[in-house]
Amino acid sequence: MSPSDKSETRLGRVLITEAELDARIHDLGQAIARDYAKEGETERPILVGVLQGAFLFMADLIRSIPMDVSTDFISLASYGAGTSPSGVVRLQSDLSVSIERRPVLIVEDIVDTGLTMSYLKRALSARHPRSLRVCVLLDKIERRQVELDVDYIGFTIPNVFVVGYGMDWNGRYRNLPYVAALDDSGGR
Ligand code: IMP
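Residues numbered from 1 in each chain as written. Predicted model: local features only at pLDDT ≥ 70, side-chain atom pairs only at ≥ 80, totals over all residues. Heavy atoms only, no water.

> Summarise the nonpolar core; cite the residues concerned and give the values.
Counting residues in hydrophobic clusters, the biggest one holds 28 residues, and the most contacted among them are F57, L61, L137 and L138. Where this core is concerned, the elements lending two or more residues are α2 (18–38), α3 (55–64), β5 (103–111), β6 (131–139), β7 (152–156) and β9 (179–182). With seven residues, the top contributor of residues to this core is α2. Those residues within four positions of L137 in sequence are excluded, and the remaining contacts are L21, I25, F57, E108, D109, I153, G154, F155, Y165 and M167. Counting 17 residues, the second largest nonpolar core, distinct from the first, contains V111, L120, L124 and V134. (Core = buried A, V, L, I, M, F, W, Y, C linked by side-chain atoms within 4.5 Å. Buried < 20%, exposed > 50% of the residue type's maximum accessible area, 1.4 Å probe, protein only. Helix = DSSP H or I, 4+ residues; strand = E, 2+ residues; numbered from the N terminus. Contact = heavy atoms within 4.5 Å.)

> With reference to specific residues and values, describe the packing of aromatic side chains.
Here the structure, examined in full by the defined rule, presents one aromatic pair. Here W169 and Y173 contribute two aromatic rings whose centre-to-centre distance is 6.4 Å and whose plane-to-plane angle is 20°, an arrangement assigned as stacked. Overall, W169 belongs to the buried group, its relative accessible area being 13%. A cation over an aromatic ring shows up here: R133 above the ring of Y36, its NZ or CZ 4.8 Å from the ring centre. (Phe/Tyr/Trp six-rings, centres within 6.5 Å; stacked < 30°, edge-to-face > 60°. Lys NZ or Arg CZ within 6 Å of the ring centre and 35° of its normal.)

> Explain the sheet that holds β9 to me, using residue names and the numbers behind them.
The antiparallel open sheet is built from three strands, whose spatial order is β1-β9-β8. Two strands close off the open sheet at either side, each with one partner strand: β1 (11–16) and β8 (162–163). Relative to β9, β8 runs antiparallel, the two being bridged by two bridges. Along β9, the bridge assignment pairs V163 with A180. (Pairing = 2+ DSSP bridges.)

As C-alpha cells, then:
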C-alpha cells in the first residue's frame, strides 16, 4: 500500500518515514540502556508494550536496546471506532508476570489526551514496581488533558490523527511501515 492510494483509503501525507523511525528508535534504545546503566540498575528491566498499537514499536525498540530486558504486554481500551477519544479507559488483558520490585518501562505508540497513559501509570504504580518509566513513539502534546511525565519521546507531532507503524483507524493501516496522517484529520 502507498500513500498514493489515498482516494480509496483516506490515507494522507507521510509524517514520519521508515528511515526516520529507524534512526530515532535506535537513539531511544541507546538512551534507555545508558540511563539504566548509569543508575546502576541490576534487575533486568521489563518492557510493557501496550497492545495493539505499540507492537511494532516494541519489536524495533527492544532490538535497539543493548542490554538484557524482559517483555510483557497489556491491552487497554480507550477508543471506540473512529478518531475521537471516549475518555473511558479499561483493562482488556493484563500482564502475565508480577512487576513488583522490577524496573518497568511502559512502551506506547502515542499519547494524545494522556488519559490512557495516566490510567496505566496509576494502575502499574499500585503494583509496587522498583521504578516506572514511560517511552512513547509519538506525543500529540497539544491535545493533552492531564498532566503526565513521559521519560522518552520519539517524535512530537501536530494534532492530526495518524496511522501506520502499528497504529490503526478502524482496524486498518497498522501494517504501513511509516506513519501517515488520515486525510480528514486536520480539523479536529
Ligand atoms: P489518549 O488516552 O487520548 O492519550 O489516547 C491514547 C490512545 O489512543 C493511544 O494508545 C492510541 O491507541 C489511540 N490514539 C490516539 N491518537 C491516535 C492517533 O492519532 N492514531 C491512532 N491511534 C490514536
